[in-house]
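Breakdown of the fold
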Amino acid sequence: MGKSALITGITGQDGSYLAEFLLARGYRVHGLVRRRSPATLARIAHLVEGPERSSDLLLHDGDLGDPLALRAIAERADPDEVYHLAAQSHVGLSFTQPETTIQTTGLGAVRMLEAVRGHRDRSRREVRYYQAGSSEMFGGSPAPQSEVTPFRPRSPYGCAKVLAHQATLIAREAYGLFACNGILFNHESPRRGEEFVTRKVARAAARIRVDPAERLALGNLEARRDWGYAPDFVEAMWRMLQQDAPGDWVVATGVTHSVRDLLEVAFGHVGLDWRDHVDVDRALLRPLDVDDLCGDATRARRELGWRPRQRFEDMIVEMTEREVERAAIDDATHGSRREI
Ligand code: NAP
Ligand code: GDD
């Protein structure tokens with residue numbers, strides 16, 4: 001019998017890549033999906049129907065706000081490994097929806113840990129748990145950041161992730177749960193949500209290429225991020241749960257770029273000068289922002305044997321190319337959409 005895994009947040013960027021990664025390794029994959037209108041299965045649609053669909057993928061309705069549902073799903077899935085990825089993951093939104101963010105991203109993790117611990121105790125077999133932690137927890141701590149850097153979160157989202165991180169440590173130390181904290185720096189892909197800056201910029205570059213009258217509004221152009229590639233990063237999650245003992249690992253590329261650098265690469269790729277097309281909109285500035293994130297992933301390299309493969313420039317070019325294709329499809333099916 002192969003292993004089985006439960007992924008919360010399977011419909012998100014990372015969940016979709018992780019599902020592919022685990023299915024390719026012979027896992028049976030259970031995914032927690034919250035019901036929404038309209039349905040949001042786009043990133044895993046190819047695994048659910050069509051020629052690539054997998055009979056080893058099983059989806060369960062549930063929501064992080066419902067502890068009874070989480071407990072029932074843990075029982076039904078009976079997983080060897082749980083990857084807890086579901087969260088309200090947008091930092092900017094967490095300033096306008098702090099309580100929802102703490103509920104979903106912070107308490108949601110506490111509820112999931114309780115569901116997993118309960119299932120482990122009832123089934124009397126080991127269940128390994130991964131918590132999707134974030135470099136946003138470091139907030140104001142100067143770069144480079146590693147596992148020993150203090151957490152100084154500068155957003156409600158960062159605070160919620162610190163709560164989830166500490167709850168994971170407590171489950172490990174108090175109850176002996178095999179529980180790992182990944183502390184992942186930003187990672188992107190063509191499946192990134194449109195509200196995050198890399199996808200927003202790639203999409204705008206592609207659309208402005210065909211309609212130079214369109215404009216792109218951005219907030220803070222000076223922020224620096226350590227941007228890696230999501231398919232590389234989900235492999236690190238899996239490697240953590242294959243170790244002999246649980247632990248905490250930073251996952252990062254160690255290379256940092258500014259939002260301006262991102263604009264140079266994406267607009268440069270389609271032959272445009274971003275300065276002619278971008279406006280700074282003060283409404284998009286966050287009440288507090290994190291200036292500079294750059295991870296030191298020495299421990300992950302040494303203990304997990306993990307290394308990033310994709311370079312920042314190649315990733316942004318891939319994302320921009322994908323947006324060029326999407327823009328062509330949009331124009332062919334709906335006519336040009338004006339908003340970015
Ligand atoms: P994402 O694309 O925003 O996906 C978030 C997932 O959580 C979606 O599947 C979403 O479902 C689900 N979700 C949200 N609220 C839920 C609820 N109340 N109940 C059940 N499911 C819910 O995020 P991502 O980029 O894949 O990131 C995955 C995880 O890693 C997140 O926890 C994020 O905070 C963390 N992280 C991400 C990065 C990064 O750079 N990507 C870096 C560090 C940490 P819907 O599809 O229905 O919205
Ligand atoms: N989203 C967004 N939209 N960000 C903008 C914009 C804009 O129009 N203009 C400038 N930025 C700046 C933000 O202020 C921030 O400094 C930077 O671009 C990156 O923003 P995001 O792409 O939204 O990512 P993030 O760093 O805030 O958060 C992501 O990475 C975290 C790990 O550090 C998310 O994936 C989090 O879930 C993740 O934990």
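For clarity, every value in this text was computed on a predicted model and none was experimentally measured. (Residues numbered from 1 in each chain as written. Chains lettered and ligands numbered in written order. Predicted model: local features only at pLDDT ≥ 70, side-chain atom pairs only at ≥ 80, totals over all residues. Heavy atoms only, no water.)

Time to look at the nonpolar core. The biggest cluster of nonpolar side chains holds 44 residues, and the ones touching the most others in it are Ile7, Leu22, Val29, Tyr83 and Tyr130. Put simply, the parts of the chain that give this core at least two residues each are β1 (4-8), α1 (13-24), β2 (28-33), β5 (128-134), β6 (178-184), α8 (230-241), β11 (248-251) and α10 (298-304). Ranked by residues supplied to this core, first place goes to α8 with 7 residues. Not counting residues up to four positions away in its chain, the partners in contact with Tyr130 are Val82, Tyr83, His84, Leu85, Cys180, Gly182, Leu184, Met237, Met240 and Leu241. Counting residues in each nonpolar core, the second largest holds 26 residues, with Ala206, Leu218, Val265 and Met319 among its members. (Core = buried A, V, L, I, M, F, W, Y, C linked by side-chain atoms within 4.5 Å. Buried < 20%, exposed > 50% of the residue type's maximum accessible area, 1.4 Å probe, protein only. Helix = DSSP H or I, 4+ residues; strand = E, 2+ residues; numbered from the N terminus. Contact = heavy atoms within 4.5 Å.)

Let us now look at the sheet that holds β6. In space, the 7 strands of this open sheet follow the order β3-β2-β1-β4-β5-β6-β11, with parallel pairing throughout. Each end of this open sheet is capped by a strand with a single partner; those strands are β3 (57-61) and β11. When the angles between neighbouring strand axes are averaged without regard to direction, this sheet yields 20°. In the sheet, β2 pairs with β3 via 5 bridges, with the strands oriented parallel. Each bridged residue has a counterpart across the sheet, and for Val33 the counterpart in β3 is Asp61. (Pairing = 2+ DSSP bridges. Axes fitted to C-alpha atoms, helices over the stretch in contact; angles between N-to-C directions.)

Under the domain assignment, the protein is made up of domain 1 (4-189 + 228-251) and domain 2 (197-224 + 255-289 + 310-334). Its C-alpha centre places domain 1 at a distance of 28 Å from the equivalent point of domain 2. If you look at the interface, domain 1 gives 10 residues, while domain 2 gives 9 residues. Taken together, the two surfaces of domain 1 and domain 2 that pack against each other cover about 920 Å², and 59% of this comes from carbon and sulfur. Three residues stand out in domain 1 for area buried against domain 2, namely Phe95, Arg154 and Tyr229, and they jointly supply 53% of the buried area on that side. (Domains from an automatic or database assignment. Buried area = accessible area lost by both parts, 1.4 Å probe.)

We now examine the packing of aromatic side chains. Within the structure shown, the criterion is met by 6 aromatic pairs. Ring geometry for Tyr83 against Tyr130: centres 6.2 Å apart, planes inclined by 40°, an arrangement best described as tilted. With Tyr83 in strand β4 (residues 81-84) and Tyr130 in strand β5, this pair connects stretches of sequence that are 47 residues apart. The class of Tyr83 is buried, set by a relative accessible area of 0%. An aromatic cluster of three or more residues is present, and its members are Phe138, Phe151 and Phe185. If you follow Arg192 out to its NZ or CZ, it ends over the ring of Phe196, 3.9 Å from the centre. (Phe/Tyr/Trp six-rings, centres within 6.5 Å; stacked < 30°, edge-to-face > 60°. Lys NZ or Arg CZ within 6 Å of the ring centre and 35° of its normal.)

Lining the immediate environment of ligand 2, one finds 23 residues, of which Ser134, Ser135, Tyr157, Arg286 and Asp289 sit closest. At 2.9 Å from a nitrogen atom of ligand 2 is found a main-chain nitrogen or oxygen belonging to Glu195. Between a nitrogen atom of ligand 2 and a main-chain N or O atom of Gly219, the distance comes to 2.9 Å. Protein chains shield 94% of the accessible area of ligand 2, which is 710 Å² for the free molecule. A per-class count over the shell around ligand 2 returns 9 nonpolar, 7 polar and 7 charged. (Near = heavy atom within 4 Å. Polar contact = N/O pair within 3.5 Å; in protein donor to acceptor, adjacent residues only side chain to side chain. Areas by Shrake-Rupley, 256 points an atom, 1.4 Å probe, with all protein chains shown as cover. Nonpolar A, V, L, I, M, F, W, Y, C, P; charged D, E, K, R; others polar.)

Negative phi values dominate among residues other than glycine, just as trans dominates among peptide bonds. In this model, Ala143 is joined to Pro144 through a cis peptide bond whose omega is -5°. Its identity as a non-glycine residue notwithstanding, Asp78 has a phi of 45°, on the positive side. Tracing the backbone through its elements, the reader meets Asp78 in the loop between α3 (67-77) and β4. You can call Asp78 partly exposed: its relative accessible area is 31%. The phi torsion at Arg124 lies on the positive side, around 55°, for a residue other than glycine.

One turn of the α-helix equals 3.6 residues, which is why residues spaced by three or four share an orientation. The set of residues buried in helix α9 (residues 259-269) consists of Val259, Leu262, Leu263, Val265, Ala266 and Phe267. Trailing α9 by a residue or two, Gly271 shows a phi angle of about 80°, which is positive.

Within the structure, ligand 1 sits among 26 residues, and Thr11, Arg36, Leu85, Ser89 and Tyr157 are positioned closest to it. At 3.4 Å, a backbone N or O of Gly9 approaches an oxygen atom of ligand 1. At 3.0 Å, a backbone N or O of Gln13 approaches an oxygen atom of ligand 1. Protein contacts shield 91% of the accessible area of ligand 1, which totals 900 Å² for the unbound molecule. When contributions to the shell around ligand 1 are tallied by element, the ones reaching two or more residues are α1, β5 and α6 (156-175). The element that contributes the greatest number of residues to the shell around ligand 1 is β5, accounting for 3 residues. When grouped by side-chain class, the residues that make up the shell around ligand 1 number 9 nonpolar, 11 polar and 6 charged.

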